[in-house]
Amino acid sequence: MRTKHTFRLPPDLMTKLSDYAARKGVSQSMIVEAALASHLSPDGADRLEAALARRLDRIGRHLERLERHVDISNEALAVFVRFWLTSTPPLPENSAAAAQIKGRERYEGFVEALGRRLARGKKLADEIIQDVAAKQSEQDGTQNGDDRQRL
């Protein structure tokens, strides 16, 4: 048996309730009943905590992925700098000025290229994935060709 109650709601809340009921195709009283049951249920806090825990877990996974990407970037940069420093011979004194001018030109070109790349939104990780996939399909094609030749 249901008991009738009358409630006064602010106009903006009443508008939201009416819109929601119309979108869902249910009565306003059903929505109010479900909301009250949810609000008054003893496990409401547990559900809220579980939802919050899921969100925090997802954020934690994203942070771990970001940390991994930063670590990879740092290691790649360190390997490149070490390789460059150990393989680049020192310049003779008379060509140092010309090398500095050329270095500035190259750096400006690098910054322009980097700006264009960032504007396009293309990422190195995407290129690496494409290169690995292409190499894998190329190897698969080679292996299948070898198999066909053996038959």
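Residues numbered from 1 in each chain as written. Predicted model: local features only at pLDDT ≥ 70, side-chain atom pairs only at ≥ 80, totals over all residues. Heavy atoms only, no water.

**Some details on the overall build of the protein**
Move 1: On a plain count of helices and strands, the protein comes out with 5 helices and 0 strands.
Move 2: In terms of its C-alpha atoms, the protein occupies a principal-axis envelope of roughly 95 × 60 × 30 Å.
Move 3: For the protein, the proportion of its 151 residues judged to be buried stands at 5%.
Move 4: When the accessible area of the protein is evaluated, it comes to approximately 14200 Å², of which 59% is carbon and sulfur surface. (Helix = DSSP H or I, 4+ residues; strand = E, 2+ residues; numbered from the N terminus. Buried < 20%, exposed > 50% of the residue type's maximum accessible area, 1.4 Å probe, protein only. Areas by Shrake-Rupley, 256 points an atom, 1.4 Å probe, with all protein chains shown as cover.)

**So, the pattern of salt bridges**
Pairs can form between side chains of opposite charge once their charged atoms are near each other.
Move 1: Per the stated rule, a full pass over the model turns up 4 salt bridges.
Move 2: Between Lys-102 and Glu-105 there is a salt bridge, with its nearest N and O atoms 3.5 Å apart. Of this pair, Lys-102 and Glu-105 both sit in helix α4 (residues 96–120), separated by 3 residues, roughly a single helical turn.
Move 3: Accessibility expressed as a relative area gives 41% for Lys-102, which makes it partly exposed.
Move 4: The exposure class assigned to Glu-105 is partly exposed, which follows from its relative accessible area of 45%. (Salt bridge = Lys/Arg side-chain N within 4 Å of Asp/Glu carboxyl O.)

**Side note on α4**
Move 1: Taking 1.5 Å per residue, 25 residues should reach 36 Å; α4 reaches 36 Å between its end C-alpha atoms and fits that length.
Move 2: Looking at the residues trailing α4, positive phi occurs at Gly-121, about 85°. (Expected span 1.5 Å × (residues − 1).)

**Topic: the packing of aromatic side chains**
Move 1: This model, assessed by the stated rule, comprises 1 aromatic pair.
Move 2: For the ring pair Tyr-107 and Phe-110, a centre distance of 6.3 Å and an interplane angle of 35° mean the geometry is tilted. Taken as a pair, Tyr-107 and Phe-110 lie in helix α4 at a separation of 3 residues, close to a single helical turn.
Move 3: On the accessibility criterion, Tyr-107 (55% relative accessible area) is exposed. (Phe/Tyr/Trp six-rings, centres within 6.5 Å; stacked < 30°, edge-to-face > 60°.)

**Topic: a positive patch on the surface**
Move 1: Taken together, Arg-54, Arg-55, Arg-58, Arg-61 and Arg-65 make up a surface patch of like positive charges.
Move 2: Note that Arg-58 resides in helix α3 (residues 44–87).
Move 3: On the accessibility criterion, Arg-58 (43% relative accessible area) is partly exposed. (Patch = residues over 30% accessible without salt bridge, like charges linked within 9 Å, V, L, I, M, F, W, Y side chains within 5 Å. Lys, Arg positive; Asp, Glu negative; His and termini not counted. Charge placed at Lys NZ, Arg CZ, Asp CG, Glu CD.)

**Looking at a nonpolar patch on the surface**
Move 1: Nonpolar side chains collect at one region of the surface, where Leu-52, Leu-56, Ile-59, Leu-63 and Leu-66 lie side by side and expose about 500 Å² of accessible area between them.
Move 2: Along the chain, Leu-63 turns up in helix α3.
Move 3: Taking relative accessible area as the criterion, Leu-63 reaches 53% and is therefore assigned exposed.

**Some details on a negative patch on the surface**
Move 1: A surface patch of like charges, here negative, comprises Glu-64, Glu-67, Asp-71 and Glu-75.
Move 2: With respect to the element layout, Glu-75 can be found in helix α3.
Move 3: Taking relative accessible area as the criterion, Glu-75 reaches 53% and is therefore assigned exposed.

**Focus on the packing of helix α1 (residues 11–24) against helix α2 (residues 28–40)**
Move 1: The geometry of α1 relative to α2 is characterised by a closest axis approach of 9 Å and an angle of 110° between their N-to-C directions. It follows from the interaxial angle that α1 and α2 lie roughly perpendicular. Counted together, Met-14, Leu-17, Ser-18, Tyr-20 and Ala-21 of α1 and Gln-28, Ile-31 and Val-32 of α2 form the full contact between these two elements.
Move 2: Along the lines of polarity and charge, the residues of the contact of α1 with α2 split into 6 nonpolar, 2 polar and no charged. (Axes fitted to C-alpha atoms, helices over the stretch in contact; angles between N-to-C directions. Parallel < 35°, antiparallel > 145°, perpendicular 65-115°, else oblique. Contact = heavy atoms within 4.5 Å. Nonpolar A, V, L, I, M, F, W, Y, C, P; charged D, E, K, R; others polar.)

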